[in-house]
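Single-letter residue listing:
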Amino acid sequence: MCRLLAYLGSPISLEKLLYKPEHSLIVQSYQPREMTSGVVNADGFGMGWYHNQKDTEPFIYKNTLPIWNDINLPSLSRYVESKCVLAYVRSATPGQAIDFANCQPFNDQQLLFIHNGRIENFRQTLHRKIRSTLTQNLYEKINGSTDSEHIFALLLSQIKINKHRPPQYALRTTLLTLLEMAKRYQVEVSANVVFSDGHRLIASRFTTTSPAPSLYWIRDDLIFPKSVIIASEPLFIGNWTACPENSIISVREDCDIQFEQI
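So, here's what we can say about the structure.

## Concerning the pairing of strand β9 (residues 216-219)
Direction of pairing for β9 relative to strand β10 (residues 227-231): antiparallel, over a ladder of 4 bridges. Each residue of the ladder has a partner; that of R219, found in β10, is V228.

Structure below.
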């Protein structure tokens with residue numbers, strides 16, 4: 001299981017978010033505490049962030065190296081500052097290629113997307129089924145082979161279908177579609193997802209078979225005031241709260257948080 005984090009709030013350097021906490025994402029890459037499968041997250045990493053003033057498409061930095069081996073990231077992290085960041089470290093599912101096409105975050109125009117979880121026996125079960133539901137345009141956008149990217153494509157499809165509804169509705173319908181498929185093919189699906197347009201975070205903690213992968217949130221911590229952080233594991237000692245299982249978490253630009261059961 002990968003480890004992920006998302007930040008929304010006052011502008012912050014990537015260094016403060018990625019490196020400074022005692023149980024940072026860097027530490028979680030080699031010493032995670034709550035992974036349900038795998039031991040380390042050494043199969044690549046990625047992060048995306050948005051410009052503080054300009055409403056442009058997000059910037060993305062990825063590598064197939066373990067995050068602790070990237071010699072450019074420390075310097076980059078000191079330079080980059082953003083009010084909205086999504087990042088993750090990867091523990092690849094056995095049989096999945098370790099290449100850039102399979103590195104998250106995935107993006108489409110303004111949207112960034114990260115996923116922690118799995119579709120059981122993906123290639124033998126839901127791979128073809130998910131693809132059969134997509135328009136030709138979305139089908140052609142899939143570059144890699146992961147279940148994560150296919151879930152993102154399914155989400156993009158639902159966003160397009162429900163373009164006059166709030167984005168959390170599209171995530172809800174995506175997860176319910178996965179639930180229906182999982183029941184039909186008798187497989188387990190877990191989908192801790194976060195996506196953003198740079199102004200809000202929409203996340204889920206979801207599984208078809210409890211317990212769901214871990215996911216926590218914290219708001220307005222003294223170290224990170226005027227912000228919300230969502231993460232697979234707490235980054236530091238603080239008032240972290242576990243996200244409810246099978247729920248959607250919506251964070252507005254003013255850091256107001258709302259929860260909705262699926």
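Still to come is the rest of the account.
## Thoughts on the layout of surface pockets
Within this model, the largest pocket holds a volume of roughly 460 Å³. Taken together, 26 residues make up the lining of the largest pocket; nearest its centre are A92, T93, P94, R118 and D147. At the level of elements, β6 (111-119) and α6 (147-161) are the ones that each hand at least two residues to the lining of the largest pocket. Counting residues per element, the lining of the largest pocket draws most heavily on β6, at 4 residues. Quantified by volume, the second largest pocket comes out at close to 250 Å³. Secondary-structure elements contributing two or more residues to the lining of the second largest pocket are α7 (167-185) and β7 (189-196).

## Re the pattern of salt bridges
Overall, the coordinates contain 10 salt bridges when judged by the stated rule. Between D108 and K141 there is a salt bridge, with its nearest N and O atoms 2.6 Å apart. Residue D108 is located in strand β5 (residues 106-108), and its partner K141 is located in helix α5 (residues 136-141); the two are separated by 33 residues in the primary sequence. Across the salt bridge formed by D254 and R252, the nearest N and O atoms sit 2.8 Å from each other. The structure contains a network of salt bridges with shared partners spanning R252, D254 and D256.

## Description of the sheet that holds strand β8 (residues 201-205)
Strands sit in the order β5-β6-β7-β8-β12-β13 across an open sheet of 6 strands; the sheet is antiparallel. Each edge of the sheet is formed by a strand with only one pairing partner; in this case those strands are β5 and β13 (257-261). For this sheet, the mean angle separating the axes of adjacent strands, direction not counted, is 20°. Strand direction decides the pairing type here: β8 and strand β12 (residues 247-251), joined by 5 bridges, are antiparallel. Among the inter-strand pairings, R205 is bridged to a residue of β12, identified as S247. Along the sheet, α6 contacts β5, β6 and β7; its crossing angle with β6, the most-contacted strand, is approximately 125°.

## Remarks on the side chain of S227
Tracing the chain through its elements places S227 in strand β10. A residue is classified by how much of its surface remains accessible, and S227, at 1% relative accessible area, is buried. Looking at S227, its side chain comes within polar contact range of the main-chain oxygen of F224, at 2.6 Å. Each residue touching S227, except ones within four places of it in the same chain, is listed here: Y7, L8, G9, I218, R219, D220 and C255.

## Observations regarding the sheet that holds strand β4 (residues 81-89)
Spatial ordering of the open sheet is given by β3-β2-β4-β1-β10-β9-β11, a layout of 7 strands whose pairing is antiparallel. Looking along the sheet, the strands with just one partner apiece sit at the ends: β3 (59-63) and β11 (241-242). Direction of pairing for strand β1 (residues 3-13) relative to β10: antiparallel, over a ladder of 5 bridges. Its bridge partner lying in β10, Y7 is registered against I229.

Conventions used here
Here, residues in each chain are numbered from 1, in the same order as that chain's written sequence. Given that the model is predicted, a residue must reach a pLDDT of at least 70 before its local features are reported, and side-chain atom pairs must reach 80 or more before they are shown or counted; all residues, however, enter totals for whole chains, interfaces and linings. Side-chain measures here rest on the full set of heavy atoms in the structure, leaving out hydrogens and waters. Strands pair, by our definition, only if DSSP identifies at least two bridges between them. Helix and strand definitions follow DSSP, with helices as H or I runs of at least four residues and strands as E runs of at least two, each counted in order from the N terminus. Cavity: a set of points on a 1 Å grid over the protein atoms alone where a 1.4 Å probe fits but cannot get out. Pocket: an open set with protein on both sides within 12 Å along at least five of seven lines, its lining residues, like those of a cavity, having an atom within 4 Å of a point. Grid points are joined across faces, edges and corners, and a volume is the space filled by probe spheres set on the points. For this document, the term salt bridge refers to a Lys or Arg side-chain nitrogen within 4 Å of an Asp or Glu carboxyl oxygen. Lines are fitted to the C-alpha atoms to define the axes, a helix being fitted only along its stretch in contact, and any angle between axes, read from their N-to-C directions, falls within 0 to 180 degrees. Note on contacts: a residue pair qualifies if any of its non-hydrogen atoms lie within 4.5 Å across the two residues. In this scheme, a residue with accessible area under 20% of its type's maximum is buried, one over 50% is exposed, and one in between is partly exposed, where area comes from a 1.4 Å probe on protein chains only. Polar contacts, as counted here, are pairs of nitrogen or oxygen atoms within 3.5 Å of one another; within protein the pair requires one atom able to donate a hydrogen and one able to accept it, and residues that are adjacent in sequence qualify only if both atoms are side-chain atoms.

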